[in-house]
Amino acid sequence: MSIYDTLNEQQKKGVFTTEGPVLLLAGAGSGKTRVLTTRIAYLIEEKKVNPWNIMAITFTNKAAGEMRERVENMVGFGSESIWVTTFHSTCVRILRRYIDRLGYDNHFTIYDTDDQKSVMKEVCKKLQIDTKQIKERSLLAAISAAKNELISPEKYEKNIMGDYSRKKISGVYYEYQAALRKNNALDFDDLLVKAVELFQSCPEILKDYQERFRYICVDEYQDTNTAQFELIRLLAEKYRNICVVGDDDQSIYKFRGANIRNILDFEKVYPEAVVIKLEQNYRSTQNVLDAANAIIGNNRSRKKKVLWTDKGIGSKIHLKQFENAYEEAEFVVDDISRKKRDGTAEYSDCAILYRTNAQARMLEERFVLQGIPYNVVGGTNFYARREIKDILAYLKTIDNGRDDLAVRRIINVPRRGIGLTTVLKVQDYAEEREISFYDAIREAEQIPALGKSTGKLTVFATMIQAFRSKQEVYGLTDLIKDVIVTTGYINELEASDEEDAQTRIENIDELISKAASFENATDQATLTDFLEEVALVADIDEMESDGGKVLLMTLHSAKGLEFPHVYMTGMEDGIFPSFMSIAADNPEEEIEEERRLAYVGITRAREDLTMTCAKQRMIRGETQYNAASRFVKEIPLELLDNRLTTRRKVLAAASVKNYTSPENRPYIAGGNTATFAAGGIGKGMPAMGVMPDYGEGDRVKHVKYGEGTVLALEQGPKDYQVTVNFDSAGQKIMYAAFAKLVKV
DNA sequence: TAGTTGGGTTTTTTT
DNA sequence: AACCCAACTA
């Protein structure tokens, strides 16, 4: 029996039609990833295509990783040379090699949303734009929209047509790009734009990649924007072996430029395309599918298809309305704990979905109260946290002194008594000479205006230079440890009475572990590689699956996942569909997008679906009274196990009081909310400067490097430095507090 | 220069 | 409710 026998007819067609353009319209749960991976295996095993010539592109690292793993399990070897990545990493890889052709340095850094905002703030200051009238974010949104459509500043300028606000944006767009270029930085959108630009201006480079990628597969095609479309179109132009997989009903990223026409008009761009529809669902029970079909059937702009299953009717959909969000959370958590007790479900079988990240908080409180393990996916990206960004700014500075933003971020963090006045003076000097901020610091002695700050700047520059030279000898992890010790970052945190100082320290510890595992997984792991990897992780990539925990996430994050038991909470008009979509200029269109989101949510459920809503809910400090979601009302009554009934609890008032005051919260022994919420075990920071229990000549053991002999142990300024000669890993110098060496 | 405080704003979703 | 920022004070 071969891997192809268990496929249905349509799936087989998808696997075997390897030549020419293919559009796979794959409904939710129809096994599209399976078709995609089997197709790749077929290309390699049967068609004898060199894995090197295959490209599979997705949106998240998680999806890419899963795809690679599945292909690996099917083909004997060679799978490691398939190019399986995300759009963004693909672009970075190409640009790292060739972006000098566009006048950038190949050592460019990648700016996240935070950095973009800082840049924009400066641009606005420079152009004297009042950010109270036009907000940075709306300017950035306009620029992002333009970039997604591959509209350059020049093109944008031509399209002003006398429109005042467009004229303003046009100027901002120019300045913003200039600022990025000066810092040798690209934002997320630039990654795509510049890759396309590169291909357009260097046909010989494009040709190389066209020769390489003879077979291209694109997952989640409905979420591609114009830039992504163009990138793929260029790459596929020569061989035209392009297979795109998507579901127009699951297009939920219009707000970030996804162009649903890419999938709807595929046959116009590729008239010879073979279109295959996958409508058999292997995931959910009939009741769940009927509900999904009933809801999505209300959308007008879509390719008609109806999902079916042979999994059986299954249980009905549960619908519950509560007085307020506390009771809603209480019910959901109780229900999950009941299922666990009954043996109906494990914690990891359950997922709670909501429209906005803020809705997680109340559920979290309840989980903590009941002592049930849970994990929140997303929210604030780990790498966007202040302490992490600070450390990364050091690394960026060490790696690429041209990123002024990074240098300015850390110039006075931890405090070195370098204030705004000094920074401005340095900046003036840098601007005058057209050099980078960091280079200006290195020339601090040449700046007469500085006065006694000069010394402080010199100390800073010397420290960075020292890191740079040590970098040659050190590994990545050692460098980070050195940075946090030498700069006194950890010391400052430990000394501070800030409430979440401990959490921050733990986060830094976590960063070190991430660096260590990156170092382990990559040979020749460079600082640049690490910074790049870190810049492109998505919330969902960080999800630990099957940690025996209930998962909480937004409906958007849930796309592509499935769970036996799904809870959709906050099913209220104004929350879901969101107020923004109801109040939009084009509500029909916006609500259709929300409806697709509802469709995505429902079709995550394998067996059991529960929808909940509350009559009353606090949003941004204001109490809102919401009716049940219109989407709920679109579900035929016979699919529900009950009518809408409100549960009223006498205890509600009392219990509300209980878990709003922190003192009354029964914490899990030995832990606290923060570590619990982060889903990690709080490892804490070992004390620094404490004499280790080993000495010169002793045999010790390290988590990563294994056993070795201590060659030297000397008291440094902050902590003991220990030099160990590891049997397999060679000689390493490390701080005793971090090395966590065990005497053997 | 650093820390505090009061006022104003806010994301809905994210690579 | 939470966060960010500008202005004010030590």
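Since the structure is predicted, the reported quantities are computational estimates derived from the model, not experimental observations.

### A short note on the protein's contact with DNA strand B
The immediate surroundings of DNA strand B are formed by 26 residues, with Lys 135, Arg 355, Thr 421, Ala 538 and Arg 620 found nearest. Each atom of DNA strand B within 4 Å of the protein was classed as base or backbone; sugar and phosphate made up 64%. Gly 419 places a polar main-chain atom, nitrogen or oxygen, 3.1 Å from a phosphate oxygen of DNA strand B. Looking at the surface near DNA strand B, its residues break down into six nonpolar, 12 polar and eight charged.

### A few points about the pattern of salt bridges
Per the counting criterion, the structure on display carries 55 salt bridges. Here Lys 559 makes a salt bridge to Glu 220, at a shortest N to O gap of 3.4 Å. Taken together, the residues Lys 559 in the loop between α26 (555-558) and β13 (563-568) and Glu 220 in the loop between β6 (215-218) and α11 (226-236) connect sequence positions 339 residues apart. Here Lys 559 matches Glu 220 in class, with each residue buried. As a salt-bridge pair, Arg 338 and Asp 342 come within 3.5 Å of each other at their nearest N and O atoms. Placement of the pair is Arg 338 and Asp 342 together in helix α15 (residues 325-342), with a separation of four residues, close to one helical turn.

### Regarding the nonpolar core
With 53 residues, the main nonpolar core has Ile 441, Phe 460 and Phe 530 as its most contacted residues. Setting aside chain neighbours within four positions, we find Ile 441 in contact with Val 407, Ile 411, Val 426, Leu 457, Phe 460 and Ala 461. The next biggest cluster of nonpolar side chains, apart from the first, holds 51 residues, and it includes Ile 110, Leu 186, Ala 236 and Ala 535.

### Examining helix α6 (residues 136-148)
In a regular helix each residue adds 1.5 Å, so 13 residues correspond to 18 Å; α6 covers 18 Å between its end C-alpha atoms and thus fits that length. Within the sequence span of α6, burial applies to Glu 136, Leu 139, Leu 140, Ala 142, Ile 143, Ala 146, Lys 147 and Asn 148. Buried-residue contacts for α6 involve α5 (113-126), α7 (153-158), α8 (164-182), β5 (185-187), α9 (188-201) and α11. Looking one or two residues past α6, Leu 150 carries a phi angle of roughly 60°, positive in sign.

### Notes on the protein's contact with DNA strand C
Lining the immediate environment of DNA strand C, one finds Lys 121, Arg 361, Arg 620 and Gly 621. Among all atoms of DNA strand C positioned within 4 Å of the protein, those belonging to sugar or phosphate total 33%. Within the contact set of DNA strand C, a phosphate oxygen lies 2.6 Å away from a side-chain nitrogen or oxygen of Lys 121. In terms of residue class, the surface near DNA strand C is made up of no nonpolar, one polar and three charged.

### Brief notes about the environment of Ser 30
Looking at the secondary structure, you find Ser 30 in the loop between β1 (22-26) and α2 (32-45). Its relative accessible area of 1% is what places Ser 30 among the buried residues. Once the C-alpha coordinates of Ser 30 and Trp 308 are considered, the two residues, 278 residues apart in sequence, prove to be 9.4 Å apart. Reaching out from Ser 30, the side chain makes a polar contact with the backbone oxygen of Gly 27 at a distance of 2.7 Å.

What counts, and at which threshold
Residues numbered from 1 in each chain as written. Chains lettered and ligands numbered in written order. Predicted model: local features only at pLDDT ≥ 70, side-chain atom pairs only at ≥ 80, totals over all residues. Heavy atoms only, no water. Near = heavy atom within 4 Å. Polar contact = N/O pair within 3.5 Å; in protein donor to acceptor, adjacent residues only side chain to side chain. Nonpolar A, V, L, I, M, F, W, Y, C, P; charged D, E, K, R; others polar. Salt bridge = Lys/Arg side-chain N within 4 Å of Asp/Glu carboxyl O. Helix = DSSP H or I, 4+ residues; strand = E, 2+ residues; numbered from the N terminus. Buried < 20%, exposed > 50% of the residue type's maximum accessible area, 1.4 Å probe, protein only. Core = buried A, V, L, I, M, F, W, Y, C linked by side-chain atoms within 4.5 Å. Contact = heavy atoms within 4.5 Å. Expected span 1.5 Å × (residues − 1).

Such coordinate-based values are descriptive only and should not be taken to indicate function.
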